[in-house]
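Examination of the molecular architecture
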Amino acid sequence: MIIALRLALRDFAHDLRVNLSLSLAVAAIIAPLLILFSLKFGIVAAMERDLLGNPGSRELVLGANYRLGEDFFTTLRGDPRVAFVVPKTRSLSTTATMRHGGALREGVEMVPTAPGDPLLLAFGAPVPRDSLEVVLSASLSARIAVRPGERAQLVVTRTKEGKRQSAAVELQVVGILPPAAVGRDQAFVPLPTLLAIEDYKDGFEPQLLSDGSRPNTARDHFAKARIYARGLDDVAPLAQLLEGRGMVVHDERQRIGEMKAIATVLSRVFWVIAAVVALGGIMALGGLLLRTLEARMRSFMALGIMGITTMGMQAMVALEALALALLSYLMALLLALLAMQAFNLLFAEFLTEGRIFCSLLPSHLLSGLGISVGTMLLVALGCARARLANLNLPALLRGA
Amino acid sequence: MALLEVKGLVVSSGAGDTGHFEAQLDSLCLGEGELALLVGESGSGKSTLLECLGLLRDKGFASERFAFGGQGIAAGMGEAARARLRAGPVAYMPQSGGLPPFLTLGECLALRMGQARRLFPGFNEPRARDLVALAMREFDLHAGEGIALRDCLAKKPQALSVGQRQRGMFLCCLAADPKLLLLDEPTSALDPLNARAMFKTMAGMTRQGMAVLAVTHSREWAKNARVIAYDQEKSRQRSREGVTVGCFCEAAA
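Residues numbered from 1 in each chain as written. Chains lettered and ligands numbered in written order. Predicted model: local features only at pLDDT ≥ 70, side-chain atom pairs only at ≥ 80, totals over all residues. Heavy atoms only, no water.

What about the sheet that holds strand β8 (residues 186-190) of chain A?
All names here are of chain A. Note the following rule: Strand pairing follows a simple DSSP-based rule, namely that at least 2 bridges must link the two strands. Segments assigned H or I by DSSP are reported as helices when at least four residues long, segments assigned E as strands when at least two residues long, and all are numbered from the N terminus. Think of each axis as a best-fit line through the C-alpha atoms, taken over the contacting stretch in the case of a helix, with angles from 0 to 180 degrees between the N-to-C directions.
Pairing within the closed barrel is mixed, and its six strands lie in the order β3-β4-β8-β5-β7-β6. Put simply, the sheet's adjacent strands are angled 45 degrees from each other on average, direction ignored. Note: strand β4 (residues 103-113) against β8, five bridges, orientation parallel. Counterpart to Thr 113 in the pairing with β8 is Pro 190.

Section: the pattern of salt bridges
If charged atoms from side chains of opposite charge come close, those side chains can pair. Residue and element names in this part refer to chain B. For clarity, the cut-off: Each salt bridge in this description consists of a side-chain nitrogen of Lys or Arg and a carboxyl oxygen of Asp or Glu lying within 4 Å of one another. Type-normalised accessible area, obtained with a 1.4 Å probe on protein chains alone, sets the label of each residue: buried when under 20%, exposed when over 50%, and partly exposed for intermediate values.
Here the structure, examined in full by the defined rule, presents 34 salt bridges over all chains. The residue Lys 7 makes a salt bridge to Glu 64 at a minimum N-O spacing of 3.4 Å. You can see Lys 7 sitting in strand β1 (residues 4-16) and its partner Glu 64 sitting in the loop between β4 (61-62) and β5 (65-68), a full 57 residues away along the chain. What makes Lys 7 partly exposed here is its relative accessible area of 42%. For Glu 64, a relative accessible area of 62% puts it in the exposed group. Across the pair Asp 58 and Arg 82 runs a salt bridge, and its minimum N-O distance is 3.1 Å. Placement of Asp 58 in the loop between α1 (46-53) and β4 and of Arg 82 in helix α2 (residues 79-87) is noted, with a sequence separation of 24 residues between them. Residue class for Asp 58 comes out partly exposed when judged on its relative accessible area of 27%. A relative accessible area of 7% places Arg 82 in the buried class.

Description of the interface of chain B and chain A
Condition: Any pair of residues with heavy atoms lying within 4.5 Å of one another is described as a contacting pair. Buried area adds together the accessible area that both of two parts lose upon being put together, with accessible area traced by a 1.4 Å probe. Side-chain atoms alone can form a polar contact between residues adjacent in sequence; in general such a contact is a pair of N or O atoms within 3.5 Å, and within protein one must be able to donate a hydrogen while the other accepts it.
Taken together, the contact pairs 30 residues of chain B with 24 residues of chain A. Both faces considered, chain B and chain A share a buried interface measuring about 2,300 Å² in area, 62% of it formed by carbon and sulfur atoms. Taken together, the links from chain B to chain A amount to one salt bridge. The interface formed by chain B and chain A holds five residue pairs in polar contact (both at pLDDT 80 or more) in total.

Laid out in structure tokens, this is it:
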């Protein structure tokens, strides 16, 4: 094998111009496939990234009020397709007033949260650990001029027995959600805080906002829930499950379906083109390799006379094909990267900031290399076997 | 013990314009240090016989006895076994085209030695180097104003003259320290001075114990050598419908 390697290297270097031409020809087959694949992958990946990056695409919003008991939540929490579920008390949001310094905002939507909340996690906000912590939307924090680490006052008002009453509690602001996550003035609080607000408004005396003398002990159901599926593929089956229970569900099934349809169409287009190009390329490559083998028969004759076996010669051809494949792939990669860069620049104005049109992962590059080298080796070995397996040295000598 | 024993060897060539051709060698027994010449008119089958004796053929021949160093050689003995013998004890030098164009003459010599070292357990590398040096010295003595062969070691075959290539191929054969040297018209591209040097070198190799069989049209350079000659009468007698025979027998001393 070492002799075959040495001979292959010397022969490759001797016919460098021919080998460079061959490499360019092979690169011209591989490069368009890499570019096409990068386009397919880039477009689909960007769509997937958009959907995955926004937890809202995994949210299932209930379209009406229901009587959701503990069994409903237990079932959902036990479902592997569910990433997060937390009860909501009423169809319209619970509202309260938030105050900091001299600024206040009335009618702030109070949203229940809990550990594992995908919205908070996706935007890097910490989840409130207890009833005295809160995460605010950016618009709300700006309005009342409060920053993380500061305290804001939660004020709840009610009318009880004809008298207007209010209760307030200091909450620690532990995080701010950016506008990309929430556009409205919202405060994310643990469920017990939300329940305390509701109960206080309903005339109870919860511990958090009152003296705890009359807590609400009769709640056995909730009107709604915040539900997030684990992955994009889990949205549709979960929605169907809820719809099967007679619920109205709003979700991103249509967008997810569109993305998957585009991915499927692009994949098919890619594979059909790849198959046609690969077939043509393999046949052309086979012809070229056979022709170069024909031109090198004098070399093989000389090697045969020196006692190199046809197996050794085939190993030499295979090693040269390996070098050719590596060189071709390197050239193709260079061409493809240049073309991808050009595409990304050309289409930059149509893309949102930070998004790219063509992209390839290291695993794609490795797979491409493996396929290119494997195909080249198979074609080269096929040609070498056809031409060298039954090498007729006397006949070659006659032609020398 | 004879190095090369041949009896009743028949080598068939494929169908050509004039039908099948058979080269026949009735008998040959070549021992260590012997020089024999295979002579005959062009197209009589000298090269065909030499290719078969040089183990380049794996089929298309039959014999009553064909052995090298006591080891029987038969059609279908396998490429690996023949290649092993070609790499070491049996060296064959074609008329032309025996040097790979991608290697320099020096690399060819190294490859040849490497092959012999790898495949031939009895290979004596110092002796092989001495043989190459001896032959090179002999050739360079006759180079006159021409380029010495030792200055060609770094050149690829295409940078050498036809005569230099022929002498280079001869050196390559010696680099394997063969026991049997088979040469196909080794002086065909050489001027008389160099042809004389080639025969002198061949004779020198026989003194080293090598058996040499050379196809040649130049018998005058080796008057004492044994001669295996084309026998026109026998060839005519043995030819038959669709088969032309070229028959070779040892000429009387």
